[in-house]
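# Reading the structure
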Amino acid sequence: MPMYTLQMMYGIGDYAEDFNKPHLIYAGIILFYFLCGMYGLKNKTYEQKKIFLMLSSLQALYYFYYPIRGGLNTLPFHLCNMGVILVFISLVFKKKSVFYFTYFANTIGCIIALVNVTGGGNALEVLGLHYFVCHFQVLIIPILAISLGVFPRAKIKDMTKALIIFIIYFIFVATLNAWFNNYEYVDYFFLTGDTITDIF
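The shown structure was predicted, so the numbers you read here are calculated from the model rather than taken from an experiment.

### Concerning the overall build of the chain
A tally of regular secondary structure across the chain gives eight helices and zero strands. Secondary structure elements of the chain occur, N-terminal to C-terminal, as α-α-α-α-α-α-α-α. Relative to the compact-globule value of 16 Å for 200 residues, the chain shows a C-alpha radius of gyration of 17 Å, a close match. Its C-alpha atoms put the chain at 50 × 45 × 30 Å along the principal axes. Out of the 200 residues in the chain, the part that is buried amounts to 42%.

Below, the structure is given as structure tokens:
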């Protein structure tokens, strides 16, 4: 279904934030999707589970790149934006180190992004659906991959590697953030603006 379908049928809706009705409906959809994936695939083969997760990650990748955007700020250096790409790569190429990075860093990042909506639009407009779909897919797919046994449960060394990769990634993106701001306004990791301070 094209992202603009709901907007055409029902209008743009209210902004999903502060656990209002659209925000709670989004949360219900996430839970429903997870339960359907968990119990619907529980008795399926490993290959069927992996194919479902790969197709879900491909759909998230498509949704991320669907809106026409431009400028340095739209490059996928935000944690969740990069997560859309990394989840797909980790499933297609079965890269454990990439997967565990998304499992730890992106899951936490997506929970924060979905609780404190910072870049979405109204619930049914393209921008709002884009924000919601990308974040909830990057949140659910790694959790399902572990729950369904597509990837083994993480160990302490996997967490350590993920933390080291995150620190390197954060320093790299912070450097890009400072450099790109010489040419146009960018706010990767929300290091430049007031987004983080506004939440608290």
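### Some points on the side chain of His-78
Within the fold, His-78 resides in the loop between helix 3 (46-65) and helix 4 (79-93). Contacts of His-78, omitting those with residues within four sequence positions, involve Asn-73, Tyr-169, Asp-187, Tyr-188, Phe-189 and Phe-190.

### Focus on the packing of aromatic side chains
For the structure shown, the criterion picks out 15 aromatic pairs. The interplanar angle of 75 degrees and the centroid separation of 5.5 Å between the aromatic rings of Phe-77 and Tyr-188 together place this pair among those described as edge-to-face. Here Phe-77, found in the loop between helix 3 and helix 4, pairs with Tyr-188, found in the loop between helix 7 (156-180) and helix 8 (195-199); they are 111 residues apart in sequence, far enough to count as distant. On the basis of an interplanar angle of 35 degrees and a centroid distance of 5.4 Å, the ring pair of Trp-179 and Phe-180 is categorised as tilted. On the basis of relative accessibility, which here comes to 9%, the residue Phe-180 falls in the buried class. Within the aromatic cluster, the residues linked to one another by ring pairs are Phe-77, Phe-172, Trp-179, Phe-180, Tyr-183 and Tyr-188. When the ring centre of Phe-151 is taken as reference, the NZ or CZ atom of Lys-94 above it lies at 4.4 Å.

### Here's the deal with the packing of helix 3 against helix 4
Direction vectors running N to C along helix 3 and helix 4 enclose 150 degrees, while the axes themselves pass 9 Å from each other. One finds that helix 3 runs roughly antiparallel with respect to helix 4. Relative to helix 4, the crossing made by helix 3 is left-handed. Between helix 3, through Lys-50, Leu-53, Met-54, Ser-57, Leu-58, Ala-60, Leu-61, Phe-64 and Tyr-65, and helix 4, the contact on the second element is made entirely by Asn-81, Val-84, Ile-85, Val-87, Phe-88, Leu-91 and Val-92. Residues that form the contact of helix 3 with helix 4 fall into these classes: 13 nonpolar, two polar and one charged.

Rules behind the numbers
Residues numbered from 1 in each chain as written. Predicted model: local features only at pLDDT ≥ 70, side-chain atom pairs only at ≥ 80, totals over all residues. Heavy atoms only, no water. Helix = DSSP H or I, 4+ residues; strand = E, 2+ residues; numbered from the N terminus. Rg over C-alpha atoms; globule rule 2.2 N^0.38 Å. Buried < 20%, exposed > 50% of the residue type's maximum accessible area, 1.4 Å probe, protein only. Contact = heavy atoms within 4.5 Å. Phe/Tyr/Trp six-rings, centres within 6.5 Å; stacked < 30°, edge-to-face > 60°. Lys NZ or Arg CZ within 6 Å of the ring centre and 35° of its normal. Axes fitted to C-alpha atoms, helices over the stretch in contact; angles between N-to-C directions. Parallel < 35°, antiparallel > 145°, perpendicular 65-115°, else oblique. Left-handed = near helix turned anticlockwise from the far one by under 90°. Nonpolar A, V, L, I, M, F, W, Y, C, P; charged D, E, K, R; others polar.

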